[in-house]
Amino acid sequence: MKSFPFLSITDGLLVNDWFLSVMIIVFLLMLVVMGPYRYAFAESISAMFRFRNPDGDVSYPFMSTLEYVLVFILACLGVGISVSIYSHDMMQEGFSQVFFLLWYTSLMVVFFLAKLLLYTIVNKYLYKRQIITIKPSRWNCFFVMSFAVAGFLILLFSFAVLFLNIHLIVLLIFAYLMRLLVVAGRIFKIKTTLFKNKRSNSGFIVYLCAFEIIPILVEYLVSGRLLGLI
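Below or above, wherever it landed, is the structure these notes cover.

Cut-offs and rules
Residues numbered from 1 in each chain as written. Predicted model: local features only at pLDDT ≥ 70, side-chain atom pairs only at ≥ 80, totals over all residues. Heavy atoms only, no water. Helix = DSSP H or I, 4+ residues; strand = E, 2+ residues; numbered from the N terminus. Buried < 20%, exposed > 50% of the residue type's maximum accessible area, 1.4 Å probe, protein only. Core = buried A, V, L, I, M, F, W, Y, C linked by side-chain atoms within 4.5 Å. Contact = heavy atoms within 4.5 Å. Axes fitted to C-alpha atoms, helices over the stretch in contact; angles between N-to-C directions. Left-handed = near helix turned anticlockwise from the far one by under 90°.

### Here we look at the side chain of Ser-146
Right, on to step 1. Take Ser-146: it is sitting in helix α5 (residues 136–164).
Right, on to step 2. Overall, Ser-146 belongs to the buried group, its relative accessible area being 1%.

Right, here's the structure in full:
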């Protein structure tokens, strides 16, 4: 892997033209889909971290189902782009980087769709028993919203890494930081909105382990074995 200086704006752009075209298309599509709801996205993310005055409900933009599907796939592409930049030589000609991006994005889509399906099944059961008071569809929208914002920010930082020749390790750190912040916000909301009743602390711990901690460990191990990211 080529080593880049930490900051150097004097060199040319070190990226394959095809891959750069895909990056620009994904970025523009995310702007088109998320742009009209930018204030709602900002408010929703802000609500995730109001620790002193937590909101009593989850907040998310009121987008159509199609828009949520599109933003979910685009966010997966945004994260996939960052992984491709970190793990591949961006100056190599051809379509190998794009093929890897599509493969990795497909893997992410399957993984997170499975997670959303499990969320839906478990939350429906808990909602029917009134252990939680938030409809499963609302929580799924909240989940996709938080993931979409993280994917968009990671994509933006990926552009910065390429244009400014920032060292690749900084991109890895930034991506993990975004993941950490999103998971922390979701954990806070799980405690303050899904499991408000103090008598349900044991349920909160089991839910947290099943849907946040274990998936992160699985993702960490898979990334390390398949991609050598760790």
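### Some points on the nonpolar core
Right, on to step 1. Ranked by internal contacts, the top residues of the largest apolar core, which has 67 residues, are Phe-19 and Ile-85.
Right, on to step 2. Sorting the residues of this core by element identifies α1 (17–34), α2 (38–48), α3 (65–87), α4 (96–128), α5 and α6 (168–194) as the ones contributing at least two each.
Right, on to step 3. Sorting elements by how many residues they give to this core places α5 first, with 17 residues.
Right, on to step 4. Not counting chain neighbours up to four residues away, the residues in contact with Phe-19 comprise Ile-81, Ser-84, Ile-85, Met-90, Gln-97, Val-98 and Leu-101.

### A closer look at the packing of α1 against α5
Right, on to step 1. α5 packs onto α1 with a crossing angle of 140° between their chain directions and a minimal axis gap of 11 Å. In terms of crossing hand, the pair formed by α1 and α5 is left-handed. For the pair formed by α1 and α5, the contact residues are Leu-20, Met-23, Ile-24, Val-26, Phe-27, Met-30, Leu-31 and Met-34 on the first element and Ala-148, Val-149, Phe-152, Leu-155, Leu-156, Ser-158, Phe-159 and Leu-162 on the second.

Don't take any of this as a statement about function, it's just geometry.
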